[in-house]
Protein chains: 2
Amino acid sequence: MTVELISVGTEILMGNIVNTNAAYLSAKCAQLGMSVYRETSVGDNKERLEEAIRDGLSRSDIVILTGGLGPTKDDLTKETAAKVAGKKLVTDQASKKRIQDYFQKMNREIADSNWKQADMPEGSIILPNKRGTAPGCIIETADGKRMILMPGPPYEMQGMFEQSVYPYLEKLQPKRFYSKMVKICGIGESMAEKMVSDLIEAQDNPTIAPYCKTGEVHFRVTASADSVEEAKKLVKPIVKELKNRFKENVFTTEEEETLEQVVVKLLKKYGLSLVAAESCTAGMFTARIANVPGASDVLSESFVTYSNKAKRKYLDVSKSTLKKYGAVSEKTAKEMVKGAAIGTDSDVAVAITGFAGPDSDEEHPVGLVYIACYVNEKAQVEEFHFNGDRQRVRELAVENALDLLRRCILSNYAK
Amino acid sequence: MTVELISVGTEILMGNIVNTNAAYLSAKCAQLGMSVYRETSVGDNKERLEEAIRDGLSRSDIVILTGGLGPTKDDLTKETAAKVAGKKLVTDQASKKRIQDYFQKMNREIADSNWKQADMPEGSIILPNKRGTAPGCIIETADGKRMILMPGPPYEMQGMFEQSVYPYLEKLQPKRFYSKMVKICGIGESMAEKMVSDLIEAQDNPTIAPYCKTGEVHFRVTASADSVEEAKKLVKPIVKELKNRFKENVFTTEEEETLEQVVVKLLKKYGLSLVAAESCTAGMFTARIANVPGASDVLSESFVTYSNKAKRKYLDVSKSTLKKYGAVSEKTAKEMVKGAAIGTDSDVAVAITGFAGPDSDEEHPVGLVYIACYVNEKAQVEEFHFNGDRQRVRELAVENALDLLRRCILSNYAK
């Protein structure tokens, strides 16, 4: 089963947005064992869109289109796909009702153009949009090909894909797939890939696909077989081998589990309360913790102590330490973390202080960050040198703070 | 002058990487007034790559290819492009020398496969790579078309583009371009487009391109003329008209300026210090403020007060208010913002409290958020109902808090 992706929107061709939909859908198709041979982006132009759809259908079994389902005159995907399939657009009453409800709930007036979003290709399978107003659809053509139309905003598209499109595609695929993620952190991308290059070289079934995100490397191990059970059996020894090689760098093997979820889970497991004291990251660490629903069980408060004055007032960092070592120093990080833990009577604390840039000097290089963890009444500080711009230095600091906290809890409490 | 982009690499089609090269090059071509009509991604496959190049050249004046210039057997772009142009690959001595120097400088041994990177299509213009080992090239075909080959890693590609490709393309373009951004917030996408539909309908030169990001709509106005000065003159009245229609919803007309930069600029302008008290956003608002280099001039500290206890302790929210109205209420938001401002002796404060989900009940619908601003010794609270998952509700809360703060400062201080 071969797939082509077409992303529709002049904003893509103008470079106004990065096309993350293509990467998302490519990864999902790979999980389903479907081969994506080509991805195309075209603008809001009827002729070029039609040509792209016809080309795609001539080469592939399925064409997935994203974008161009909105209320404006520029949104042409449904009309064009319907034309290629030889279908008319007809109003779908259920979609019309959903649009009405959506605006009512948002307490907003409905512009007339919004009703256009309920006009769907005749005989198509309607894909409800729980996260926006534009429904999608699946058009099955007379010659057994398929067009799948979804909205462009990633949040809406992903919701629709998970809810309706993935189950639809899964039914088309006779093979059964099983995949497992091995997520690691605290180790660089090229080092991680080098450590398993022999496995990647020899891969066949299962396959091993590495993905990198800020401070993390994820390996997806995927096997195909006649049943999920058989595929699971093929995946198991490879996952075991990866866990064996990366040891405590593996933070989860759960697909959807994030590093902050692992940390919150550990805090809950050992009944620990957390507080953070953030300087350069200015709330990013605490926000990551609060990404996890139910974080309030372990998190009551946190401090952004950007100025020296705030570090003294809320964290009891001594004037002489700040004067002698500066705000970005091992000593200050240690006093910050102790002050936060003791002052709030928390079991566990994290402190982050560093130079995120862009300005720096000899003495204060951009990327120098101290991260402190206070666990089991002991403070531990690590010095990091991150590469990148202001935003990336701060993201890497948060990522490594989460990882350091995870390791500290494990080494103190997991027996 | 029309352009097509071809991104080469199986890692793109597997969804392992997000294709940021396409967005970068699209934006640069738009700046140069070159129309990008299509972007294609293909894998490391000779036949499909050749087909994509031939298709691209048949439709467009210039085909820009990224990726597939490396040392491995999978890297096929030069061979394939040379074949299409009817050229041989010959060793370029200057490139060979540069590769040698690069490895020497990095103190690394040269694998034999690396020399392949010095083999270039005969008669092509060589594009040196200051950030890596693979040079690029420009092939001018017999029928006046052009292929531009650059490496895939964004950092190397951008360096090469700035240094060699942009100047090359600029010479091909007789017209000069000028564009200006009008960024608005506090108004929905479809409403915003409706308000200027007549302008978009009538657009010719300048063009008006709308695009959306979380809570914001940006309009890019671009004109072409014989000189930049003339293009500027064409852009000016349209920008004026947009500002006139959207009034205080326009937060900037600077290309690179973000909403948080505007807010920090206003705080600095009027000499105001800021503090935040965040509940559901748990640090995200403060982190946005600290995105801005030099934010420390206006921000000294902030609180994440997740629990009721923390709201009482740091913000002096009264027990009876929390009991009677709950943590997510207009009254609590007001006490939070006052407590933060007064307790830290700050000029301006923001407080955010809401239900980000995923759990909710009748009384506590997900997406209900109260945002309070304290400016000029007056507290103002607004109630919002956001649609989306936990992450999106929090992002929209931060976006709207920044906007509310901006408006409050302007209405109190800008005379």
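Quantities reported herein were computed from a predicted structural model and do not represent experimental measurements.

Student: Help me out: how do you make sense of the side chain of Thr80 of chain B in this one?
Tutor: Relative to the assigned elements, Thr80 of chain B resides in helix H4 (residues 77–85). With residues near it in sequence (within four places) discarded, Thr80 of chain B still touches Lys46, Leu49, Glu50 and Ile53 of chain B.

Student: Would you mind showing me how to read helix H6 (residues 154–172) of chain B here?
Tutor: One turn of the α-helix equals 3.6 residues, which is why residues spaced by three or four share an orientation. Residue and element names in this part refer to chain B. Of all bends in H6, the biggest is about 50 degrees, found at Phe161. Every buried residue of H6 is listed here: Glu156, Met157, Gly159, Met160, Phe161, Ser164, Val165, Tyr168, Leu169 and Leu172. Packing partners of the buried residues in H6 comprise helix H2 (20–31), strand S3 (62–66), strand S6 (125–127), strand S7 (136–140) and strand S8 (146–150).

Student: Help me understand the packing of aromatic side chains in this model?
Tutor: Given two aromatic rings, their pairing is described by the distance between the two centres and the angle made by the two planes. The final tally for this structure, using the stated rule, is 16 aromatic pairs over all chains. Pairing Tyr102 of chain A with Phe103 of chain A gives two aromatic rings, centres 5.9 Å apart and planes at 75 degrees, and the pair type is edge-to-face. The class for Tyr102 of chain A is buried, based on a relative accessible area of 17%. Consider the rings of Tyr24 of chain B and Phe161 of chain B, whose centres lie 5.9 Å apart with planes at 85 degrees: the pair is edge-to-face. With a gap of 137 residues between them, Tyr24 of chain B in helix H2 and Phe161 of chain B in helix H6 connect regions that are remote in the sequence. One exposure class covers both Tyr24 of chain B and Phe161 of chain B, and it is buried. Through a chain of ring-to-ring contacts, three or more aromatic side chains come together here, namely Phe303 and Tyr314 of chain A together with Phe303 and Tyr314 of chain B.

Student: How should I be thinking about the sheet that holds strand S11 (residues 216–225) of chain B in this particular structure?
Tutor: Strand pairs in the sheet, formed through backbone hydrogen bonds, run parallel or antiparallel to each other. All names here are of chain B. Sheet architecture is open: 4 strands sit in the order S10-S11-S9-S12, paired in antiparallel fashion. Two strands lie at the open edges of the sheet, namely strand S10 (207–213) and strand S12 (250–252), each paired on one side alone. Taken pair by pair, the neighbouring strands of this sheet meet at an average axis angle of 30 degrees, ignoring direction. Relative to S12, strand S9 (residues 176–185) is paired through 2 bridges, and the arrangement is antiparallel. Within S12, the position partnered with Lys183 by the bridge is Thr252. Here helix H15 (residues 390–413) sits on the sheet in contact with S9, S11 and S12, set at roughly 95 degrees to S9.

Rules behind the numbers
- Residues numbered from 1 in each chain as written.
- Chains lettered and ligands numbered in written order.
- Predicted model: local features only at pLDDT ≥ 70, side-chain atom pairs only at ≥ 80, totals over all residues.
- Heavy atoms only, no water.
- Helix = DSSP H or I, 4+ residues; strand = E, 2+ residues; numbered from the N terminus.
- Contact = heavy atoms within 4.5 Å.
- Bend = angle between axes of the 7 residues up to and from the residue.
- Buried < 20%, exposed > 50% of the residue type's maximum accessible area, 1.4 Å probe, protein only.
- Phe/Tyr/Trp six-rings, centres within 6.5 Å; stacked < 30°, edge-to-face > 60°.
- Pairing = 2+ DSSP bridges.
- Axes fitted to C-alpha atoms, helices over the stretch in contact; angles between N-to-C directions.

By themselves, these figures tell us nothing about what the structure is for.
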